[in-house]
Amino acid sequence: MPHFFATTPRGLENVLNQELHDLGIKKTKIGVAGVGFESNWEGCYKANLCLVSASRVLYPVLDFPAYEPEQIYHNVLKHDWTKYIKPNQTIAMDSSVRDSKIKDLRIVALKAKDAVVDQFREKFNKRPDVDADNPQLPISLRLAKNICTVSLDTSGGSLHARGYRDRGAPAPLKENLAAALIKMTGWDEKSPLLDPMCGSGTFCIEAAMMALKKRPGIYRKRFAFQNWLTYQKEKFEELVKTALSEELDDVPFRIYGFDNDPRAIAASKANSENAETIIATLFKRQDLSQLEPPAESGVMVVNPPYGERMGDIKALLPLYEELGQVIHGPLKNWKCFVLSSEPEFIKALGGRPKVRHRVFNGAIQCEFVGF
Ligand SMILES: C[S@@+](CC[C@H](N)C(=O)[O-])C[C@H]1O[C@@H](n2cnc3c(N)ncnc32)[C@H](O)[C@@H]1O
């Protein structure tokens, strides 16, 4: 049975593991920034199509010690790369290096690329070209503590980029991070969800997708595995057909997004139209200070502005105090969750959070707290 490794931002591994189990993939192993799993290729297709918290699904094919560049060349040559693509297709290497004797990630990529193209040249007298932007066979190389792991990237481009967001507002969350945070709130997908500072609408759209049973991969034009000679087209098409048949036309509650910036509201609406979730979402220009919560309570989730410069933190404290008053006042019957990078902001919310999770928003370490 093949082994795969689904990656996710650090702090979200448990969410991803639960998602895999919910898909019926039970043989999993939680790692750092990802979860390993054992399944047939159909499971890999399903993971790419359905996981909301994953960034990529990798298929590791080799791991070996590498202290010298030539070891990379010789070991990569041991795998048969010609079984995935034809020589007229394209490849690209994505490499990273950590705590190793070889320091230069470009050397790692170069040696691996040389091995792959030499293998094709030997067999076909023709070699695949490199296409850094849109490779048909993306190869991932991770050199950590002198151990090199080589994987095929079955996704091809990060899964967070669903494709519905063409209008951004400042500082949008990655879609898979927003979706994973919603999962962490324990929202039942049957009651209202509210983001009072919604920006480009990411929380609202991801929540609406969950409620309407829209699988995130449905929006995607192509996954890398669809370019390979090993692609089981009928199996994937069957999964897509099933996913589409499970989608709902509407839900008996609404997902609310407010923001005081009209451009943010325009972006949220446009993005929700693109995602075909507009039926379930309601966006309105409203300042936090004017917040009138919907009658039926549910989950509030928000990623307020965060300061990028030192002075910003002080200037933003009153906004967090106001948010705290909303949480402990009009929203006191709601489950409220806030993502923040600064302990001072969390303190300004007042009260004692019932739950605290450490998560990473890109390189920024954040806390996701719940009241
Ligand atoms: C970090 S952004 C949210 C990004 C959003 N999560 C996304 O993924 O696009 C913070 C948002 O808070 C909004 N905002 C700031 N102060 C506000 C206030 N007093 N009332 C309502 N919205 C506010 C800003 O306009 C901005 O869109």
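Refer to the structure above for everything that follows.
Looking now at the environment of Lys284. Within the secondary structure, Lys284 is located in strand 11 (residues 281-285). In this structure, the C-alpha to C-alpha distance between Lys284 and Phe371, residues 87 residues apart in sequence, is 24 Å. Setting aside anything within four residues of it in sequence, one finds Lys284 in contact with Phe258 and Ile265.

Let us now look at the sheet that holds strand 8 (residues 147-153). Ordered in space as 2-3-1-4-8-7-5-6, the eight strands form an open sheet in which the pairing is mixed. Each having just a single partner strand, strand 2 (28-31) and strand 6 (129-130) make up the two edges of the open sheet. Lying over the sheet, helix 1 (residues 13-22) contacts strand 1 (3-7), strand 2 and strand 3 (34-38), oriented at roughly 25 degrees with respect to strand 3. Across the face of the sheet, helix 3 (residues 69-76) comes into contact with strand 4 (56-65) and strand 8 while running at roughly 115 degrees to strand 4.

It is worth spelling out unusual backbone geometry at this point. At Asp99, a residue that is not glycine, the phi angle is positive and equals roughly 50 degrees. Along the chain, Asp99 turns up in the loop between strand 5 (90-98) and helix 4 (105-124). For Asp99, a count of 9 C-beta atoms within 10 Å puts it in the exposed group. Phi at Asn146 is positive, roughly 65 degrees, even though this residue is not glycine. Note on placement: Asn146 falls in the loop between strand 7 (137-144) and strand 8. Residue Asn146 is classed as partly exposed on the basis of its C-beta count, with 15 C-beta atoms lying within 10 Å.

Ranked by size, the top nonpolar core spans 97 residues in total, and within it Ala112 and Ala207 carry the most contacts. No other element matches helix 6 (residues 202-211), which puts eight residues into this core. Inspection of this core shows a minimum of three residues originating in each of domain 1 (3-153) and domain 2 (175-213 + 248-370). Apart from the residues lying within four places of it in its own chain, the contact partners of Ala207 are Ile182, Trp187, Leu193 and Ile255.

What follows deals with the site of the ligand. Surveying the vicinity of the ligand reveals 20 residues, the closest of which are Pro172, Met197, Gly199, Ser200 and Thr202. Considered class by class, the residues forming the shell around the ligand number 12 nonpolar, five polar and three charged.

About the thresholds
Residues numbered from 1 in each chain as written. Predicted model: local features only at pLDDT ≥ 70, side-chain atom pairs only at ≥ 80, totals over all residues. Helix = DSSP H or I, 4+ residues; strand = E, 2+ residues; numbered from the N terminus. Contact = placed C-beta atoms within 7 Å. Pairing = 2+ DSSP bridges. Axes fitted to C-alpha atoms, helices over the stretch in contact; angles between N-to-C directions. Buried ≥ 20, exposed ≤ 12 C-beta atoms within 10 Å, placed from the backbone. Core = buried A, V, L, I, M, F, W, Y, C linked by C-beta atoms within 7 Å. Domains from an automatic or database assignment. Near = placed C-beta within 6 Å. Nonpolar A, V, L, I, M, F, W, Y, C, P; charged D, E, K, R; others polar.

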